[in-house]
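Letter by letter, the chains look like this.
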Amino acid sequence: MGASNSDKPVKIILDSDIGQDSDDAGVMALLHQFADNGEAEILATMFPMQDPMGAPAMDVINTYYGRPDIPIGTYKGNYEYKGKLFDHYNTKLAEKFPHDLMHGKDAPDAIALYRKILAKQADRSVVIVAVGPERLLADLLKSTPDGYSKLSGHELVKKKVKFLSVMGAGFPKGDEWNVKIAPDASKLVAETWPTPIVYSGYEVGNAVRTGSRLLTEAPENSPIRASYENHPFVDKVTKDRQSWDQTSMLYAVRGAEDNWTLESTGYNYIDESGKNEWRNDTDKDHSYLILQKPEEVKKTIEDLMVAPPAQRKANHTFSSQKD
């Protein structure tokens, strides 16, 4: 799995809870750089929370990288997440940088957008990278036939999705944030998702710290840099942060290479509270990443986060709206 086996760009839908942590901005930087390199095609970005400024923040980053028209879907339901939710930098990005999607209410329903996009794609061609709670994925599985497709959500995913790359859980066992704030969703996905799932657990991103080079190497008008500058969890001394989300994207696009090995015998069991453990008594289509080369992964992620947008290298007019 991954682009390392193919010359075709990987078709990606990113499902990210941007604003919660700085790695959500970082993962969007990787996605756009992979698109610049011809390694990925961005089909959409999805925001699974109710924060009205999540979609505008995504639009800021898409606009910065020269792709202002990427579809953005937002969660329109009323699920109450099992933890405090943060807007660490969404509003700040929206106030400072150019974009034209001003409020989450102006973005389409994410489940409808998922169905619309998946219905148009070739069979088994889409990779979904989910780096937040799995609320949208669970609701997509439960969705019913509509004007976009006569298939149920489960059937549509099975037909169109190649695999799901998830940042979540911990291995061999864990009690991880993305899973436990919507445990029913993560449990449903783990038990019923009809394509392979590859998990990048808490321990992987925890061992790869990035972001320090953003403060000196990224352009001053970079919203990725601004996301790290505005995030209270970034280490005050080392100026870096764990790279949880970026690892899922790196694997989704480039495959294992020699950065990871995969544990694929068994399955990820998730209980009602969101705690998980890897069990070997049954073999499902689940895998989890085992990090082999942390320094190489760190350099790759950092290189991608600090690189200027290819779409704008010849255009120096992009600047923040407010100093």
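Residues numbered from 1 in each chain as written. Predicted model: local features only at pLDDT ≥ 70, side-chain atom pairs only at ≥ 80, totals over all residues. Heavy atoms only, no water.

S.K.: Kindly report on the nonpolar core, identifying the contributing residues and their values.
M.R.: The biggest cluster of nonpolar side chains holds 97 residues, and the ones touching the most others in it are Ile12, Ile13, Ile128, Leu164, Trp193 and Met249. Counting residues per element, this core draws most heavily on helix H1 (residues 23-36), which supplies eight residues. Not counting the four nearest positions on each side in its chain, Ile12 is found in contact with Leu31, Ala40, Glu41, Ile42, Leu43, Ala44, Val127, Val129, Met249, Ala252 and Val253. (Core = buried A, V, L, I, M, F, W, Y, C linked by side-chain atoms within 4.5 Å. Buried < 20%, exposed > 50% of the residue type's maximum accessible area, 1.4 Å probe, protein only. Helix = DSSP H or I, 4+ residues; strand = E, 2+ residues; numbered from the N terminus. Contact = heavy atoms within 4.5 Å.)

S.K.: Could you give an account of the sheet that holds strand S6 (residues 173-174), with specific residues and numbers?
M.R.: Read from one edge to the other, the open sheet built from three strands follows the order S6-S12-S11, with strand pairing classed as antiparallel. Either end of the sheet is taken by a strand with one partner, and the two such strands are S6 and strand S11 (267-270). With two bridges connecting them, S6 and strand S12 (residues 276-279) associate as antiparallel partners. Among the inter-strand pairings, Lys173 is bridged to a residue of S12, identified as Glu277. (Pairing = 2+ DSSP bridges.)

S.K.: Summarise the side chain of Thr74; cite the residues concerned and give the values.
M.R.: Here Thr74 is to be found in strand S3 (residues 72-74). Judged by its relative accessible area of 4%, Thr74 is buried. Those residues in contact with Thr74 that sit more than four places away from it in its chain are Phe47, Ala55, Gly104, Ala107, Pro108, Asp109 and Ala110.

S.K.: Before we move on, can you summarise the confidence of the model for the protein with the specific residues and values?
M.R.: In the predicted model, the protein carries a mean pLDDT of 94, and the fraction of residues at 70 or more is 94%. Counting interchain partners and residues more than four positions distant, the pLDDT-below-50 stretch residues 313-323 has 18 contacts. (pLDDT = per-residue confidence, 0-100.)

S.K.: Describe the pattern of salt bridges, listing the residues and the values that go with them.
M.R.: Going through the model one piece at a time under the given rule, you end up with 20 salt bridges. With a shortest N-O distance of 2.9 Å, Glu191 and Lys187 are connected by a salt bridge. Taken together, the positions of Glu191 and Lys187, both in helix H8 (residues 183-192) and four residues apart, correspond to about one turn of that helix. (Salt bridge = Lys/Arg side-chain N within 4 Å of Asp/Glu carboxyl O.)

S.K.: Just give me the short version of the sheet that holds strand S5 (residues 161-167), but keep the residues and values in it.
M.R.: Reading across the sheet, the eight strands line up as S3-S2-S1-S4-S5-S7-S13-S10 and stay open at both edges, with mixed pairing between neighbours. The open sheet terminates on both sides in strands that have one partner only, identified here as S3 and strand S10 (260-263). Direction aside, the axes of adjacent strands within the sheet are offset by 25° on average. Pairing geometry for S10 and strand S13 (residues 286-291), over four bridges, is antiparallel. Residue pairing for S13: Glu263 is matched across the bridge by Tyr288. Packed on one face of the sheet, helix H2 (residues 54-64) meets strand S2 (40-47) and S3 and runs near 160° to S2. (Axes fitted to C-alpha atoms, helices over the stretch in contact; angles between N-to-C directions.)

S.K.: Before we move on, can you summarise the environment of Asn90 with the specific residues and values?
M.R.: Tracing the backbone through its elements, the reader meets Asn90 in helix H3 (residues 90-96). Here the alpha-carbon distance between Asn90 and Met58, two residues 32 residues apart in the chain, equals 8.3 Å. What Asn90 contacts, discounting residues up to four positions off in sequence, is Ile18, Gly19, Phe47, Asp51, Met53, Gly54 and Ala57. At 3.5 Å, the side chain of Asn90 forms a polar contact with the backbone nitrogen of Gly19. (Polar contact = N/O pair within 3.5 Å; in protein donor to acceptor, adjacent residues only side chain to side chain.)

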